[in-house]
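Tertiary structure, described
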Amino acid sequence: MMTQFDLTEDQRAIQEMAAKFTADAITPFAAEWDEKHLFPRATIKAAAELGFGAIYVSEGSGGIGLGRLEAALIMEAMAYGCPTTSAFISIHNMAAWMIDCFGSEDLKSRYLPSLVSMDKIASYCLTEPGSGSDAAALKTTARREGDHYVVTGTKQFISGAGENEVYVVMVRTGDAGAKGISCLVIDKDMPGVSFGAQERKLGWHAQPTAQLILEEVRVPIANRVGEEGDGFKFAMAGLDGGRLNIGACSLGGAQRCLDEAIRYTQERQQFGKAIAEFQNTQFTLADMATDLEAARALLYLAAAKVTANAPDKTKFAAMAKRLATDSGSAIVDRALQLHGGYGYLMDYPIERFWRDLRVHSILEGTNQIMRKSRLY
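Residues numbered from 1 in each chain as written. Predicted model: local features only at pLDDT ≥ 70, side-chain atom pairs only at ≥ 80, totals over all residues. Heavy atoms only, no water.

1. Overview of the environment of Thr154
Inclusion rule: Put simply, DSSP marks the helices as runs of H or I at least four residues long and the strands as runs of E at least two long, and each gets a number from the N terminus on. Classification of residues uses two cut-offs on accessible area relative to the type maximum, computed with a 1.4 Å probe and protein chains only: under 20% is buried, over 50% is exposed, and between them is partly exposed. We call two residues contacting when some pair of their heavy atoms lies within 4.5 Å.
For Thr154, the location among the structural elements is in strand β3 (residues 148-159). Taking relative accessible area as the criterion, Thr154 reaches 24% and is therefore assigned partly exposed. Along the chain, Thr154 and Ala47 lie 107 residues apart, while their C-alpha atoms are 30 Å from each other. Setting aside its immediate chain neighbours within four residues, Thr154 contacts Glu128, Pro129, Thr140, Gln211, Leu212 and Ile213.

2. Examining the packing of aromatic side chains
Heads up, the rule is: Classification of ring pairs uses Phe, Tyr and Trp, with its six-membered ring standing for Trp, and accepts pairs whose centres are within 6.5 Å; under 30 degrees between planes counts as stacked, over 60 as edge-to-face, and the remaining range as tilted.
Within this structure, the stated rule accounts for 10 aromatic pairs. Residues Tyr56 and Trp97 carry aromatic rings whose centres are separated by 6.4 Å and whose planes lie at 75° to one another, so their mutual orientation is edge-to-face. One end of the pair, Tyr56, is in the loop between α3 (41-48) and α4 (68-79); the other, Trp97, is in helix α5 (residues 83-102), and 41 residues separate them in sequence. Tyr56 sits in the buried class, given a relative accessible area of 8%. Given a relative accessible area of 13%, Trp97 falls into the buried group.

3. What about unusual backbone geometry?
Positive phi, normally seen in glycine, also occurs at Met118, with a value near 60°. Residue placement: Met118 occurs in the loop between α6 (105-116) and β1 (122-125). Accessibility expressed as a relative area gives 2% for Met118, which makes it buried. Phi at Glu216 takes a positive value of approximately 55°, unusual for a residue other than glycine. Within the element layout of this structure, Glu216 appears in strand β7 (residues 209-220).

4. A look at the packing of α4 against helix α8 (residues 279-307)
Inclusion rule: In this analysis, axes come from line fits to C-alpha atoms, helices being fitted only over the stretch in contact, and the angle between any two N-to-C directions falls in the range 0 to 180 degrees. For this classification, under 35 degrees means roughly parallel, over 145 means roughly antiparallel, 65 to 115 means roughly perpendicular, and everything else is oblique. Side-chain classes follow a simple rule in which Ala, Val, Leu, Ile, Met, Phe, Trp, Tyr, Cys and Pro form the nonpolar group, Asp, Glu, Lys and Arg form the charged group, and the remainder, Gly included, forms the polar group.
Where α4 contacts α8, the two axes come as close as 7 Å, and the packing angle between them is 140°. Comparing the axis directions of α4 and α8 gives the class oblique. Residues Arg68, Leu69, Ala72, Leu73 and Glu76 of α4 form the contact with α8, whose participating residues are Arg296, Leu299, Tyr300, Ala303, Val306 and Thr307. Each residue belonging to the contact of α4 with α8 can be placed in one class, and the counts come to 7 nonpolar, 1 polar and 3 charged.

5. Some words on the environment of Ser86
Examined against the element boundaries, Ser86 turns out to sit in helix α5. When the C-alpha positions of Ser86 and Gly252 are compared, they lie 9.5 Å apart, and in sequence the two are 166 residues distant.

6. Observations regarding the side chain of Ser327
Where we set the bar: Think of a polar contact as two N or O atoms within 3.5 Å of one another; within protein, one of them needs to be a possible hydrogen donor and the other a possible acceptor, and neighboring residues in sequence only count if both atoms come from side chains.
Structurally, the position occupied by Ser327 is in helix α9 (residues 313-339). There is a polar contact of 2.8 Å between the side chain of Ser327 and the backbone oxygen of Leu323. Leave out the neighbours within four places in its chain, and Ser327 touches Asp291 and Ala295.

7. Focus: the nonpolar core
Stated formally: Among buried residues, the Ala, Val, Leu, Ile, Met, Phe, Trp, Tyr and Cys ones that are joined through side-chain atoms within 4.5 Å form a nonpolar core.
Formed by 94 residues in total, the largest nonpolar core has its most connected members in Tyr124, Met170 and Leu299. Looking at this core element by element, the count peaks at 13 residues for helix α7 (residues 231-267). Those residues in contact with Met170 that sit more than four places away from it in its chain are Met98, Tyr124, Cys125, Leu126, Leu138, Thr140, Lys155, Ile181, Ser182, Cys183, Gly231 and Ala235. Counting 19 residues, the second-largest nonpolar core is a separate cluster that includes Cys125, Tyr149, Ile186 and Leu214.

8. Details of the pattern of salt bridges
A side chain with one charge may pair with a side chain of the opposite charge, provided their charged atoms come close. Selection rule: Any Lys or Arg side-chain nitrogen found within 4 Å of a carboxyl oxygen on Asp or Glu counts as a salt bridge.
The full count for this structure, using the stated rule, is 24 salt bridges. Linking Glu105 and Lys108 is a salt bridge whose minimum nitrogen-to-oxygen distance equals 3.0 Å. One end of the pair is Glu105 and the other is Lys108, both in helix α6 and 3 residues apart, which spans about a single turn. Linked by salt bridges that have partners in common, Arg143, Glu145, Glu216 and Arg218 make up one network.

9. Digging into the state of the cysteines
The criterion, for reference: Cysteine sulfur atoms are paired as a disulfide whenever they fall within 2.5 Å.
Tallying each qualifying case throughout the model produces 0 disulfides. Summary of cysteine pairing: Cys125 is not part of a disulfide, and the nearest cysteine sulfur, belonging to Cys183, is at 9.3 Å. Unpaired in this structure, Cys257 has its nearest cysteine sulfur neighbour in Cys82, at a distance of 12 Å.

Below, the structure is given as structure tokens:
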């Protein structure tokens, strides 16, 4: 029975490769990226050289064609160093996968080579100022004029806005509701594309976030992903994987903070002995480790279901995202408490993870919306 719960040798090799890349290229620099609000584009490009820019893009399109469990292992490993950077790479993968899975051969040939290498980076654009959880109420319009769509609207909270070159955008081409939504690929340099001011955020300082503003942007019909009216379906399919990845980022961040808490409590002396020797500390660490392993087990199961296209994949992706992100934030919060006043200082990494993981229960579908997924 044990073997079905173990990673394969290939999966362990992928996990170890991602962990080594993180230790060498992410962890030593993440605090500076956060403090100075630096976007580490060169590091992200280096990740693409390992195939991490196209993790589940098909091999025929230049990707490495891995499953969703392998993707989760990579995201978890990179989040151990910087959840912000790992999540940013996840979003690019989601957008690239949508083009590969649902786009025409022409669209794939024009965009995927540069996205696979991350010479160009893609953003996923669904949320608007007036439509967050009610995503199907989006108002960005795309009316047909000859062989183009003319697109007008605003997208909110877009990771990479202003920095990235490619935007996979959900637009309204038809009537109200989900069936009136289509998906277009829009270039940064198309006339009428502009960006809002960079958002001032609690966390995720190492990636840009802003509005994408579209004013009468002429987009070739050839840049449509799939057929008219299928955009919402594609967006939701992308979110199954996105939810797994953001959950994996929470697992990686929580594992880092658990390890930091174990190390700190073994070194910190109070009342004549290490605080790790107090039963209260031991119980807290035990609960943190248990909660982490439970969330990891559910997320890995959900990832296997998404890879297998199981009929209950969306339900399990929602369950896993909810549990992993809630548990991750709670574990980091307890790690901060175990550090006492030092955990509140930027000299220690805990406060950065506390800030970065907080948004995970909001994006890719709030955890309240995750609970609306049918569980019975």
